[in-house]
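As a plain string of letters, each chain reads:
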Amino acid sequence: MKYILMMNSIRAGVEGYKAWPEKDRDRHYAFLQSFNQDLRDSGEFIETHPLGSPQEAVTVRAGKDGAPVTDGVFPESKEFLLGYWIVDVESPQRAYEIAARLSAGPGPGGVPTNMPIEVRQIMTGRGEELIAKAAKTERK
Amino acid sequence: MKYMLLMTGTNSDFQSYANWSKEDLQANMTFMRAFSKELKDAGVYVSTEGLAFPDQAKIVRAGPHGEPITDGVFPESKEFLAGFWVIDVEGPEQAYKIAARLSGAPGPGGRAPGAMPIEVRRVLNGAEEIAR
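Residues take numbers from 1 onward in each chain, read along the sequence in its written order. Chain letters start at A and ligand numbers start at 1, both assigned in the order the entries are written. Only residues with pLDDT of 70 or above have their local features reported here, since the model is predicted, and side-chain atom pairs are shown and tallied only from 80 upward, although totals for entire chains, interfaces and linings are computed over all residues.

Draft legend 1. Summary view of the pairing of strand β4 (residues 68-71) of chain A. Relative to β4 of chain A, strand β3 (residues 58-62) of chain A runs antiparallel, the two sharing 4 bridges. Paired with V60 of chain A across the two strands is T70 of chain A, which belongs to β4 of chain A. Should DSSP find at least two bridges between two strands, the strands are taken to pair. Think of it this way: any DSSP run of H or I at least four residues long counts as a helix, any run of E at least two long counts as a strand, and we number them from the N terminus.

Draft legend 2. Seen up close, the interface of chain A and chain B. Residues are treated as contacting if the C-beta atoms built from their backbones sit within 7 Å of each other. Contact with chain A, which involves 49 residues of that partner, is made by 47 residues of chain B. Counting only elements with at least two residues in the side of chain A that touches chain B, the list comes to β1 (2-9), α2 (22-41), β2 (45-50), β3, β4, α3 (92-103), β6 (117-121) and α4 (126-139) of chain A. No other element matches the 7 residues that α4 of chain A contributes to the side of chain A that touches chain B. With 3 bridges joining them, β6 of chain A and strand β3 (residues 58-62) of chain B adopt antiparallel strand pairing. Bridge assignment links E118 of chain A to a residue of β3 of chain B, and that residue is I59 of chain B.

Draft legend 3. Focus on the sheet that holds strand β2 (residues 45-50) of chain B. As summarised here, the arrangement of the 6 strands in space is β4(A)-β3(A)-β6(B)-β1(B)-β5(B)-β2(B), forming an open sheet in which the pairing is antiparallel. Each edge of the open sheet carries a strand with a single partner, namely β4 of chain A together with β2 of chain B. The mean inter-strand angle of the sheet, taken between neighbouring strand axes irrespective of direction, is 25°. Every axis corresponds to a line fitted to the C-alpha atoms, with the helix fit spanning only the stretch in contact, and the corresponding angles, defined between N-to-C directions, vary from 0 to 180 degrees. Contacting β3 and β4 of chain A together with β1 (2-9), β5 (80-88) and β6 (118-122) of chain B, helix α3 (residues 92-103) of chain B crosses the sheet at an angle of about 55° to β3 of chain A.

Draft legend 4. Fine view of unusual backbone geometry. Of note in the backbone geometry, N114 of chain A takes a positive phi value of approximately 55° without being a glycine. For N114 of chain A, the location among the structural elements is in the loop between α3 and β6.

Draft legend 5. Broad picture of the nonpolar core. Think of a nonpolar core as buried Ala, Val, Leu, Ile, Met, Phe, Trp, Tyr and Cys residues, each tied to the set through C-beta atoms within 7 Å. Comment: burial labels come from other C-beta atoms within 10 Å of the residue's own C-beta, placed from the backbone, where a count of 20 or more is buried, 12 or fewer is exposed, and between is partly exposed. Within the largest apolar cluster, 53 residues are counted, with the highest numbers of intra-cluster contacts made by L5, A99 and I117 of chain A together with L5, A99 and I118 of chain B. Beyond its immediate chain neighbours, meaning those up to four positions away, I117 of chain A contacts L5, M6, M7, A99, L102 and S103 of chain A together with V60 of chain B.

Draft legend 6. Highlighting the sheet that holds β6 of chain A. Strand order in the open sheet made by the 6 strands is β2(A)-β5(A)-β1(A)-β6(A)-β3(B)-β4(B), with antiparallel pairing throughout. The outermost strands of the open sheet, each flanked by one partner alone, are β2 of chain A together with β4 (68-71) of chain B. Pairs of neighbouring strands in the sheet enclose a mean axial angle of 25°, with direction left out of account. Across 5 bridges, β1 of chain A lies against β6 of chain A in antiparallel orientation. Its bridge partner lying in β6 of chain A, M7 of chain A is registered against I117 of chain A.

Draft legend 7. Representation of α3 of chain B within the structure. In this scheme, a helix's expected span is set at 1.5 Å multiplied by one less than its residue total. Taking 1.5 Å per residue, 12 residues should reach 16 Å; α3 of chain B reaches 16 Å between its end C-alpha atoms and fits that length. Looking at the buried positions of α3 of chain B, the neighbouring elements they touch are β3 and β4 of chain A together with β1, α2 (22-41), β5 and β6 of chain B.

Right, dumping it as structure tokens:
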């Protein structure tokens, strides 16, 4: 089963992180490196990527002629994806264990960040299932 | 430069999507397949994934002994990721053009293009690329 572990934060949270002392950030990076290595060793690792700063985030809609209409203004409460991990695990419980380890990563002074990690199952191909279900409903 | 195009929705958006007619779902799927193929043909495709409905979504935190504490209660306004595409393009303008195309995907009863907002974000290769 594939799961995505998402680290989300509002803009204010990102600003807080940028203000961490360098020593604390180094410790956090070292933790992330060993976290990633452990996932590779256990064969559960698929991919991980950090995302660019929410300051650069843009929402795009199609204009009347299909041209992009961009908007960079978001409510303060808007959660931005800061980074994600995709893992292939035996059970949801295992995905939660991995997420808990990530949440326990060291923050300022080495104290666990206790950051919330959103865990979602990946179901590429879900569209086909919905169509089958809709067809069933319409036949009734 | 790699960009991620994120499609998000609230719980009620997911519920209405689940109730689209078969024809509307099929039209949307046909569009999505053509869209992915266009990205591949243009040599900008990196990956795409669809996520399960948010009714199984969990927030996980570490408990006092590092054990997972899960929570599945979210505010109504919570935006859930429905799916994403990662593309490798020349610059942000190209990413925005591709996002606009995705925003024009057909919805229920031929919804007007542009109804769906697509969030566009840079994808970094690793921690070393994060501004420090």
